[in-house]
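# Residue-level structural notes
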Protein chains: 2
Amino acid sequence: METLKIIKIGGNIIDDADALDQFLREFAKLEGKKILVHGGGKEATKLAKRLKVEVKMVDGRRVTDGDTLDIITMVYAGKINKNIIAKLQASGCNSIGFSGADGNSIIATKRPVTSIDYGYAGDVVRVNTSTVRMLLEHHIVPVFCAITHDEHGQLLNTNADTIASVLAIALATVFKTELYYCFEKNGVLMDVEHDDSVIELIDTEFYSELKDKGIIAEGMLPKLDNCFHALDHHVSKVFIGKTTMLFDQDSKFTTITR
Amino acid sequence: METLKIIKIGGNIIDDADALDQFLREFAKLEGKKILVHGGGKEATKLAKRLKVEVKMVDGRRVTDGDTLDIITMVYAGKINKNIIAKLQASGCNSIGFSGADGNSIIATKRPVTSIDYGYAGDVVRVNTSTVRMLLEHHIVPVFCAITHDEHGQLLNTNADTIASVLAIALATVFKTELYYCFEKNGVLMDVEHDDSVIELIDTEFYSELKDKGIIAEGMLPKLDNCFHALDHHVSKVFIGKTTMLFDQDSKFTTITR
């Protein structure tokens, strides 16, 4: 099977215009089939403040009321996504911006209200890959923002890491999918204070050990759970590190395997 | 050749949630190949006010400085476009949102600065139809917002009427293209005070006469010039009226012919 790289970038790149420009120029040159997934960085929070819309976070997740959904739709699907597309086209990389509503690609349901009401937060229930596959076959790169829909006309806010992993899982039937989580560190670290303490390989057994010893910090737990979930569902490889892991042979990063 | 309908909707529909919902439900059912083009209505102006960004208009065109470009990108390509897509999917109409950057579909140049600097306003120079044609062949409806790009990474604000007509012209080589300009009136009126005074047919000769007599009001001149320009460039038919002209056999509207 042909390899498909699914690359998720986070706020450290999106919030830094120069870093984003450089990344997109390198991404454009990356050979083979690829999909880009982006979150919204601090841009949505900045706009919320300017519009005096309260930003509420519970366990690191944004509570998405109606005003907040409008804001993230404007920032993620509008400003960030379209500027990424324009920059990629400038580098000769033909691309199309996607929310989960476009091409009916990613269907979610509004998260049930328990003790916490996350508002318009969507949990993914299904992925339709037909449009994405057609574009990939025609050498057009899909660029996904972190928005899904419920097939009843409602947009929903969905974690960008999850968008990347559900795409990698759904496309694993037709591609050898590789999932790249790019973030601000060189990988999963033995010592969060030292960026050179990268753990090069984590498998299921070692992961248990790292958790038992409390080496994996709280923020990394959902990220790594997500990685193992993807590997459990036929994703070929998962990598965590800086974007350099994609372009620089000598860079260090973390590989996650079963 | 197969018929392709290119339908442009304006502020009177976009600004009215119920009217938009009803239109989209009917649009979804419309048989045959179709493309939807939308402007931004008053939404962009409202957001500009909330963000205290000055709205400057010259001759009915928005002066687009950097902040204004961000606002229209957020509103047109984000909020309005993605909500339209989600609503269409809910009605079983598979669709994908487009700016001119997506699929490198509509390339423009920044309008040269003369006595007036329109800022990031784009005049269309080229249309690439390959991606749009591929989607149409697969029964996916492209939904265009009024944003283009310059192929050097810059998004540009472009009049939605123009987007609709350049698409109709470019696709006229492979489809019998029909252009529908939907707005708040029943068509071009003999007497602007009377909505039932619709002129049913305007050809080149009659248009000259109407202009000479001062019957065509100022706001309609660029719209009609646009229509005749499209007809000069192999667009099959152009219609102006309310959205009812698309769905209701008995409705009155204006047909423009050469």
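Presented here is an overview of the structure given in this document. Throughout this document, residue positions are counted from 1 along each chain, in the order its sequence is written. Working convention: letters from A go to chains and numbers from 1 go to ligands, in the order in which they are written. The predicted origin of the model limits local features to residues at a pLDDT of at least 70 and limits the giving and counting of side-chain atom pairs to 80 or more, whereas totals for whole chains, interfaces and linings rest on all residues. Heavy atoms from the whole structure form the basis of all side-chain values; hydrogens and water molecules are not counted.

## Comments concerning the overall build of chain A
Each helix and strand counted, chain A has nine helices and 14 strands in total. To get the radius of gyration, use the C-alpha atoms; to get the globule rule, take the number of residues to the power 0.38 and multiply by 2.2 Å. Over its C-alpha trace chain A gives a radius of gyration of 18 Å, about what one expects of a compact globule, namely 18 Å for 258 residues. For the C-alpha atoms alone, the extent of chain A along its principal axes is close to 45 × 40 × 35 Å. Each residue's exposure class comes from its accessible area (1.4 Å probe, protein chains only) as a fraction of the maximum for that residue type: buried when under 20%, exposed when over 50%, partly exposed otherwise. For chain A, with 258 residues in total, the buried portion stands at 55%. Across chain A, contacts joining residues at least 24 apart in sequence account for 70% of those joining residues at least 6 apart. A total of about 11000 Å² of accessible surface is found on chain A, and carbon and sulfur atoms cover 47% of it. Positive and negative side-chain charges of chain A, numbering 30 and 36 respectively, have mean locations separated by a distance of 4 Å. Helix and strand labels come from DSSP, where a helix needs a run of H or I of at least four residues and a strand needs a run of E of at least two; each type is numbered from the N terminus. Note on contacts: a residue pair qualifies if any of its non-hydrogen atoms lie within 4.5 Å across the two residues. Accessibility throughout is a Shrake-Rupley quantity obtained with a 1.4 Å probe, and a residue counts as covered only by protein chains that appear here. By the counting scheme adopted, Arg and Lys are positive, Glu and Asp are negative, and His together with the chain ends is not counted. Note on charges: their place is set at NZ of Lys, CZ of Arg, CG of Asp or CD of Glu.

## Looking at the relation of the copies chain A and chain B
Least-squares superposition of the copies uses the C-alpha atoms of those residues scoring a pLDDT of at least 70 in each of them. Overlay of chain A on chain B (RMSD 0.0 Å): rotation 180 degrees, translation along the axis 0.0 Å. The two molecules are tied by a two-fold rotation axis, judged by turn and shift. Both copies share a contact surface, since 100% of the interface residues of chain A are interface residues in chain B too.

## Here's the deal with the environment of Leu210 of chain B
Residues and elements named next belong to chain B. Here Leu210 lies in helix 7 (residues 204–212). For Leu210, a relative accessible area of 1% corresponds to the buried category. Counting along the chain gives 20 residues from Leu210 to Met190, while the straight-line C-alpha distance between them is 8.8 Å. Apart from the residues lying within four places of it in its own chain, the contact partners of Leu210 are Met190, Ile199, Ile202, Ile215 and Ile216.

## Section: the pattern of salt bridges
Criterion for a salt bridge: a side-chain nitrogen of Lys or Arg within 4 Å of a carboxyl oxygen of Asp or Glu. Summed over all chains, the structure comprises 28 salt bridges over all chains. For Lys82 of chain A, the salt bridge identified is with Asp102 of chain B, shortest N-O distance 2.9 Å. One end of the pair, Lys82 of chain A, is in helix 4 (residues 66–90); the other, Asp102 of chain B, is in the loop between strand 5 (95–98) and strand 6 (106–110), on a second chain. Assigned by exposure class, Lys82 of chain A and Asp102 of chain B land together as buried. Residue Lys242 of chain A pairs with Asp195 of chain A through a salt bridge whose shortest N-O separation is 3.1 Å. Taken as a pair, Lys242 of chain A in the loop between strand 13 (237–241) and helix 9 (244–247) and Asp195 of chain A in the loop between strand 11 (176–182) and strand 12 (201–202) lie far apart in primary sequence, 47 residues in all. In this structure Lys242 of chain A comes out as partly exposed when scored by relative accessible area, which is 28%. Connected through salt bridges with shared partners, the residues Lys8, Asp161 and Lys223 of chain A form a single ionic network.

## A look at the interface of chain A and chain B
Contacts between the two partners involve 38 residues from chain A and, on the opposite side, 38 residues from chain B. Here the quantity called buried area is the total loss of accessible area, with a 1.4 Å probe, experienced by two parts when brought into contact, counted for both. Taken together, both faces of the contact between chain A and chain B bury some 3100 Å²; the carbon and sulfur share is 67%. Taken as a group, Met74, Lys82 and Met134 of chain A account for 18% of the area that chain A buries against chain B, more than any other trio of residues on that side. Inspection of the region where chain A meets chain B yields four salt bridges. In this structure, the salt-bridge partner of Lys79 of chain A is Asp70 of chain B, at a minimum N-O distance of 3.4 Å. Any N or O atom pair separated by 3.5 Å or less is treated as a polar contact, with the protein-specific requirement of one donor-capable and one acceptor-capable atom, and with residues adjacent in sequence counted only for side-chain atom pairs. Here chain A and chain B share twelve residue pairs in polar contact (both at pLDDT 80 or more) between them. A breakdown of the residues in the side of chain A that touches chain B according to their chemical character gives 16 nonpolar, 15 polar and seven charged. Side-chain classes are defined by residue name, with Ala, Val, Leu, Ile, Met, Phe, Trp, Tyr, Cys and Pro counting as nonpolar, Asp, Glu, Lys and Arg as charged, and the others, Gly among them, as polar.

## Describing the packing of helix 5 (residues 130–137) of chain A against helix 5 (residues 130–137) of chain B
Lines fitted to C-alpha atoms define the axes here, with helix axes fitted over just the stretch in contact, and angles between the N-to-C directions of these axes take values from 0 to 180 degrees. Where helix 5 of chain A meets helix 5 of chain B, the axes come as close as 12 Å, and the angle between the chain directions of the two elements is 140 degrees. By the angle between their axes, helix 5 of chain A is oblique relative to helix 5 of chain B. Read as a crossing pair, helix 5 of chain A and helix 5 of chain B show a hand that is right-handed. Facing helix 5 of chain A, whose interface residues are Thr131, Met134 and Leu135 of chain A, helix 5 of chain B presents Thr131, Met134 and Leu135 of chain B. A per-class count over the contact of helix 5 of chain A with helix 5 of chain B returns four nonpolar, two polar and no charged. Any angle that is under 35 degrees is reported as roughly parallel, and any over 145 degrees as roughly antiparallel; angles of 65 to 115 degrees are reported as roughly perpendicular and all others as oblique. Here is the rule for handedness: rotate from the far helix to the near one, and if that takes an anticlockwise turn smaller than a right angle the crossing is left-handed, while a clockwise turn gives right-handed.

## Quick word on the pairing of strand 8 (residues 141–145) of chain A
In regular strands, side chains alternate between the two faces of the sheet. Residues and elements named next belong to chain A. With five of five residues buried, strand 8 lies mostly within the body of the structure. The side-chain alternation of strand 8 yields two buried faces, one formed by Val141, Val143 and Cys145 and the other by Pro142 and Phe144. Note on pairing: two strands pair once DSSP finds at least 2 bridges between them. As paired strands, strand 2 (residues 33–38) and strand 8 are joined by three bridges and run parallel to one another. Paired with Val37 across the bridge in strand 8 is Phe144. Of the strand pairs in this sheet, strand 5 (residues 95–98) and strand 8 are connected by four bridges, and their pairing is parallel. Each bridged residue has a counterpart across the sheet, and for Ser95 the counterpart in strand 8 is Val141.

## Overview of the sheet that holds strand 11 of chain A
Residue and element names in this part refer to chain A. The mixed open sheet is built from eight strands, whose spatial order is 5-8-2-1-11-13-14-12. Looking along the sheet, the strands with just one partner apiece sit at the ends: strand 5 and strand 12. Two elements, strand 1 (residues 3–9) and strand 2, share six bridges in a ladder whose sense is parallel. If you follow Ile6 over to strand 2, its bridge partner there is Ile35. Strand contacts of helix 2 (residues 17–29): strand 1, strand 2 and strand 8, with the helix running at about 160 degrees to strand 2, the strand carrying the most contacts.

## Concerning helix 8 (residues 220–232) of chain B
Residues and elements named next belong to chain B. In this analysis, the expected span of each helix is defined as 1.5 Å times one less than the number of residues it contains. Over its 13 residues, helix 8 extends 18 Å from the first C-alpha to the last, a length consistent with the 18 Å expected when each residue adds 1.5 Å. Within the span of helix 8, buried status applies to Met220, Lys223, Leu224, Asn226, Cys227, Phe228, Ala230 and Leu231. Directly after helix 8, the chain includes His234, whose backbone phi takes a positive value near 75 degrees.

## With respect to the sheet that holds strand 5 of chain B
Residues and elements named next belong to chain B. A sheet is described by the order of its strands in space; here eight strands give the open sequence 5-8-2-1-11-13-14-12, paired in mixed fashion. Every interior strand has two partners, whereas the edge strands, strand 5 and strand 12 (201–202), have only one. Packed on one face of the sheet, helix 2 (residues 17–29) meets strand 1 (3–9), strand 2 (33–38) and strand 8 (141–145) and runs near 160 degrees to strand 2.

## Overview of the packing of aromatic side chains
Residue and element names in this part refer to chain B. The pairing test for Phe, Tyr and Trp rings, Trp by its six-membered ring, is centres within 6.5 Å, and the orientation test on the planes gives stacked under 30 degrees, edge-to-face over 60, and tilted for anything in between. Overall, the coordinates contain twelve aromatic pairs over all chains when judged by the stated rule. Between Tyr180 and Phe239, the aromatic rings sit 4.7 Å apart at their centres with planes inclined by 25 degrees, giving stacked as the arrangement. Note that Tyr180 is positioned in strand 11 (residues 176–182) and Phe239 in strand 13 (residues 237–241), a separation of 59 residues in sequence. Classification of Phe239 by relative accessible area gives buried; the value is 9%. Residues Phe239 and Phe253 carry aromatic rings whose centres are separated by 5.7 Å and whose planes lie at 80 degrees to one another, so their mutual orientation is edge-to-face. You can see Phe239 sitting in strand 13 and its partner Phe253 sitting in the loop between helix 9 (244–247) and strand 14 (254–256), a full 14 residues away along the chain. On the basis of relative accessibility, which here comes to 21%, the residue Phe253 falls in the partly exposed class.

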